[in-house]
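Per-entry structural report
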Amino acid sequence: MSQPQRNPDTLPTSGDPSGPCLRCGRTSNFNVVNSWAMLTLTNVSPSRPVSRPAELVTVLQCQGCTRQSVVVEAEIGDQYGLKAVMWWPSDDIADVQSFAATVPSDVLEAYSEGSRCLAVQAPNAAAAMFRTTIAQIVQDKGSDDAKAKPTLNAAIIQMEQDGTMWSEFGDWAHHIRHTGNAGAHGEAFDPLDMEQATDLQTFIQHIIEFLYVQPARRAAARAATRRAAPPGDV
Ligand SMILES: [Zn+2]
């Protein structure tokens, strides 16, 4: 049997016990404390019956902080192979904790809720919350004209005209707005998949990094330089 693929960027599973820790937020390796099959399926083959876990709950212990978290994996739609469907705890998924000091609470709460939707495999709900995150960013960063627009589409266009953001911001924001509309209006759009919703989360992470986290870091770096100046040099 081949070794399972390890990917330190994705949340840990029973087959790939590495990735971001849901307790301390650091990229870590995990010990499998215990794994329990809640549901087992049996194939009736000509030679012998073969059982396989179809729902598996696994407790993982971070080798860094030693605290424990849970992943639930299940076989979806009778397709062989387990797929992670839920993690606990989910409050700090996707850097929410590290953004807390610099990101306004309305923006952070929408982003956090979208990320928790991804943790329970709810891509349409996640996309709708990422669209709301963009709407909150418009309220925080937009001009009075942009904030007064009746639709998010018009507000983003106004921000492009105002030059409030970098030049590609409008492209990103429109993509998130449009995909978020699809998530919220399943009667008019095809359902989104996890990859589409995860892409939106990545875009939002980059936007938050650029708009809030990096300026805070630069401000902190400037303050450190001033304190290092020789006495009398003002
Ligand atoms: Zn940890």
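This text goes with the structure placed above it.
The structure displayed is predicted, hence computed values, not measured ones.

Digging into helix α6 (residues 169-184)
Helix length check: α6, at 16 residues, gives a terminal C-alpha distance of 22 Å against a target of 22 Å (1.5 Å per residue), a fit within 8%. Within the sequence span of α6, burial applies to F169, G170, A173, H174, I176, R177, T179, G180, N181, A182 and G183.

Regarding the environment of A100
Within the secondary structure, A100 sits in the loop between α1 (96-99) and α2 (105-119). The exposure class assigned to A100 is partly exposed, which follows from its relative accessible area of 44%. Measuring from C-alpha to C-alpha, the distance between A100 and V213 comes to 9.6 Å, with 113 residues separating the pair along the chain.

A look at the layout of surface pockets
There is about 890 Å³ of room inside the largest pocket. D9, T10, L11, P20 and Q201 are the residues nearest the centre of the largest pocket, which is lined by 35 residues in total. For the lining of the largest pocket, the secondary structure elements donating two or more residues are β5 (83-88), α1, α2 and α7 (194-227). Per-element tally for the lining of the largest pocket: the top contributor is α7, with seven residues. Looking at the lining of the largest pocket residue by residue, the class counts come to 14 nonpolar, 13 polar and eight charged.

Side note on the coordination of the zinc ion
Each pair of donors in an ideal octahedron of six around a metal sits at 90 or 180 degrees, and each pair in an ideal tetrahedron of four sits at 109.5 degrees. Note on the zinc ion: its protein donors are C21 (SG), C24 (SG), C62 (SG) and C65 (SG). The metal-donor distances range over 2.3 to 2.4 Å. Each of the four donor atoms bound to the zinc ion contributes to angles spanning 102 to 118°, and the resulting shape is tetrahedral.

Overview of the packing of aromatic side chains
All chains considered together, the criterion is met by three aromatic pairs. With centroids separated by 6.2 Å and ring planes inclined at 40°, the aromatic side chains of Y111 and F130 adopt a geometry described as tilted. A residue pair is termed long-range when its members are at least 10 positions apart, and Y111 in helix α2 and F130 in helix α3 (residues 123-141) qualify at 19 residues. Side by side, Y111 and F130 carry an identical accessibility label, which is buried. Relative to F203, the ring of W172 has its centre 5.4 Å away and its plane inclined at 35°; by these criteria the two rings are tilted. On the criterion of sequence distance, the pair formed by W172 in helix α6 and F203 in helix α7 is long-range, its members being 31 residues apart. Classification of F203 by relative accessible area gives partly exposed; the value is 26%. Put simply, the rings of F99, Y111 and F130 touch in pairs and so form one group of aromatic residues.

Definitions and cut-offs
Sequence order as written defines the numbering, with residues in each chain counted from 1. Local features are withheld for residues below a pLDDT of 70 in this predicted model, meaning they are given only at 70 or higher, and side-chain atom pairs are given and counted only at 80 or more; totals for whole chains, interfaces and linings count all residues. With hydrogens and water stripped out, all remaining heavy atoms of the structure feed into the side-chain values. Helix and strand definitions follow DSSP, with helices as H or I runs of at least four residues and strands as E runs of at least two, each counted in order from the N terminus. The span one expects for a helix is its residue count, reduced by one, times 1.5 Å. Burial here depends on accessible area, computed with a 1.4 Å probe over protein chains only, as a share of the maximum for the residue type. Under 20% is buried, over 50% is exposed, and the range in between is partly exposed. Here a cavity means grid points, on a 1 Å grid over the protein atoms only, where a 1.4 Å probe fits yet cannot get out; a pocket means an open set of points with protein on both sides within 12 Å along at least five of seven lines; lining residues are those with an atom within 4 Å of a point. Grid points are joined across faces, edges and corners, and a volume is the space filled by probe spheres set on the points. Throughout, the ten residues Ala, Val, Leu, Ile, Met, Phe, Trp, Tyr, Cys and Pro are labelled nonpolar, Asp, Glu, Lys and Arg are labelled charged, and all others, Gly among them, are labelled polar. Any N, O or S atom lying within 2.8 Å of the metal counts as a donor, with the limit raised to 3.2 Å for Na, K and Ca; because water is left out of the atom set, some sites can appear incomplete. Working rule for geometry: tetrahedral if four donors all subtend angles between 85 and 135 degrees; square planar for four, octahedral for six, if opposite donors exceed 155 degrees and the others stay between 65 and 115; irregular in every other situation. Aromatic pairs are defined between Phe, Tyr and Trp rings, using the six-membered ring for Trp, whenever the two ring centres lie within 6.5 Å; interplanar angles under 30 degrees are classed as stacked, those over 60 as edge-to-face, and all others as tilted.

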